[in-house]
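The primary structure of each chain is shown beneath.
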Amino acid sequence: MSLIVKKFGGSSVATPEKIMAVAKRVLAEKAADDKVVVVVSAMGDTTDELIALAKGVSDNPYGNAREMDRLLSTGEQVTIALLAMAFNKLGQQAISFTGLQAGFKASTAHTKGKILNINPKRVLTELEKGKIVVVAGFQGINADGDVVTLGRGGSDTSAVALAGALKADACEIFTDVDGIYSADPRIVKNAKKMKEITYNEMLELARLGAGVMQPRSVEMGKRYGIPIHVRSTFTETTGTFIREEYTVEEKEFIIRGVTHDDNVTKIAILGVPDQPGIAYKIFSALAKANIDVDMIVQSIRNSDQNVIDMVFTVTKTDLHQVKAIIDDIGKEMETLGVIVDDNVAKVSAVGAGMLGNPGIAANMFGALAKAGINIEVISTSEISISCLIQADKVTEAVNAIHQCFFKD
Ligand code: ADP
Ligand code: ASP
Ligand code: MG
């Protein structure tokens, strides 16, 4: 007997036929005494369509974050009901649960909720009765009793966290690719599929834009020691395992993957007074509003005027809020102005092997130079290098960097 959590993403459940196919596949893979929990996303592009609906009545729907959550959480609730019905049709008892019913407690921050804990009492009770439990991903309940969504791609995190809370034997993420590749296979034709990748490297790839897994889901896998198997809904092939250490791949990799993120906006605050406490003032105001700031660069002092420029990046979805905060700060500090540029994107190379391997950054910059692509901002971590470039150069940049590190 095994307890298995399986998660199916939006494209896997996009139509009633696909939902029926998912139900059939789950039953075909289930041993008679297995306990199975299925976590699902909203059907197809439903979440995008719900966001478009909200934009139809408000030019800043995320300013109404509580109501946005009410709206966005409905997508997954449609899928759970349909999938439970599909199981019933196939003669398998099943029951659907919202995030609340499955016991997901989340932090208060609307549209950016984090799972605080899960009390899966009802899930366990229904599994004991021999039912398949179908759970809505992407949602939890905050301390006020309101529904909170977990950020785009949040169903991955729901699934891995639930697998941790249930001490599941396996957690499988079914999607429209058959594993994790060395770059998004939609934009790099010769991207290489991995048999496995460590939590740390996958976390960095996900954080830097590899949309195949939400970063927090990888954190959850690491925290609970749950190996995550990312695989295709549409084929039987073994996918990629995300785990603590390499176990089957023989090669030591210097670069594991190349990724890109176009949900980026560059903000430059010009003529900021060069004095102690200024960075604190800007970034604590943004932190208080729950805004993630990524690349940060402070220019050297302009000695005539005793001012500096502060450049940083935020996600496009936070732009409305960021502008309001920066405008207030700008007035207070009497800065020279703000430049907002959302025609940018970030490309990154990730690999634990770059530690102690000098020259990786130079190779990456060389690949971009050869392709005639200008670098606007650079940032590094122990296992990654990122460059901010013009958005329309992304495909070219990712391919150039991939070609440099993954020669055929
Ligand atoms: P789901 O709806 O199943 O959650 P997503 O669209 O969120 O699916 O994630 C799957 C997509 O992630 C793939 O179609 C692929 O284009 C993209 N992707 C980005 N980077 C990678 C990568 N390194 N390996 C595999 N897929 C990737
Ligand atoms: N439906 C949500 C989204 O599109 C959550 C998910 O699919 O993981 O982001
Ligand atoms: Mg996803």
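Residues numbered from 1 in each chain as written. Chains lettered and ligands numbered in written order. Predicted model: local features only at pLDDT ≥ 70, side-chain atom pairs only at ≥ 80, totals over all residues. Heavy atoms only, no water.

### Section: the packing of aromatic side chains
Step number 1: The tally for this structure, following the rule as stated, stands at 2 aromatic pairs.
Step number 2: Between the aromatic rings of Phe-8 and Phe-174, the centroid separation amounts to 4.5 Å while the plane-to-plane angle is 10 degrees, which identifies the pairing as stacked. Taken as a pair, Phe-8 in strand β1 (residues 3–8) and Phe-174 in strand β9 (residues 170–175) lie far apart in primary sequence, 166 residues in all. No difference in accessibility class separates Phe-8 from Phe-174, as the two residues are buried. (Phe/Tyr/Trp six-rings, centres within 6.5 Å; stacked < 30°, edge-to-face > 60°. Helix = DSSP H or I, 4+ residues; strand = E, 2+ residues; numbered from the N terminus. Buried < 20%, exposed > 50% of the residue type's maximum accessible area, 1.4 Å probe, protein only.)

### Things to note about the site of ligand 1
Step number 1: Every one of the 17 residues lining ligand 1 counts as a neighbour, but Thr-175, Asp-176, Tyr-181, Asp-184 and Arg-186 are closest to it.
Step number 2: Taking Gly-10, its main chain carries an N or O atom lying 3.1 Å from an oxygen atom of ligand 1.
Step number 3: Arg-186 places a side-chain nitrogen or oxygen 2.6 Å from an oxygen atom of ligand 1.
Step number 4: Within the complex, 84% of the 570 Å² of free accessible area of ligand 1 lies under protein.
Step number 5: Here the residues of the shell around ligand 1 sort into 7 nonpolar, 6 polar and 4 charged. (Near = heavy atom within 4 Å. Polar contact = N/O pair within 3.5 Å; in protein donor to acceptor, adjacent residues only side chain to side chain. Areas by Shrake-Rupley, 256 points an atom, 1.4 Å probe, with all protein chains shown as cover. Nonpolar A, V, L, I, M, F, W, Y, C, P; charged D, E, K, R; others polar.)

### Concerning the sheet that holds strand β2 (residues 35–40)
Step number 1: Strands sit in the order β3-β6-β2-β1-β9-β11-β12-β10 across an open sheet of 8 strands; the sheet is mixed. Across the chains shown, the open sheet's two edge strands, defined by having one partner strand only, are β3 (94–97) and β10 (196–198). Adjacent strand axes in the sheet meet at a mean angle of 20 degrees, parallel and antiparallel pairs treated alike.
Step number 2: Inspection of the sheet shows β3 paired to strand β6 (residues 132–136) by 4 bridges, in the parallel sense. Bridge pairing links Ser-96 to Val-134 in β6.
Step number 3: Here helix α1 (residues 16–29) sits on the sheet and contacts β1, β2, β6, β9 and β11 (228–232); the angle it forms with β1, its principal contact strand, is near 160 degrees. (Pairing = 2+ DSSP bridges. Axes fitted to C-alpha atoms, helices over the stretch in contact; angles between N-to-C directions. Contact = heavy atoms within 4.5 Å.)

### Examining the sheet that holds strand β16 (residues 307–314)
Step number 1: If you trace the 4 strands from one edge of the open sheet to the other, you get β15-β16-β14-β17, paired in antiparallel fashion. Each edge of the open sheet is held by one strand with a lone partner, namely β15 (296–298) and β17 (337–341). Ignoring which end each strand starts from, the neighbouring axes of this sheet average 15 degrees apart.
Step number 2: Pairing between strand β14 (residues 265–273) and β17: 5 bridges, direction antiparallel. Within β17, the residue paired with Ala-268 across the bridge is Ile-339.
Step number 3: Along the sheet face, helix α9 (residues 278–288) touches β14, β15 and β16 and points at about 25 degrees away from the line of β16.
Step number 4: Strands β14, β16 and β17 of the sheet are contacted by helix α10 (residues 319–333), whose axis makes an angle of about 10 degrees with β14.

### Examining unusual backbone geometry
Step number 1: Residue Phe-138 is not a glycine yet carries a positive backbone phi of 75 degrees.
Step number 2: By relative accessible area, which is 3% here, Phe-138 ends up buried.
Step number 3: Of note in this structure, Lys-167 is not a glycine but carries a positive phi near 50 degrees.
Step number 4: Tracing the backbone shows Lys-167 in the loop between α6 (154–165) and β9.

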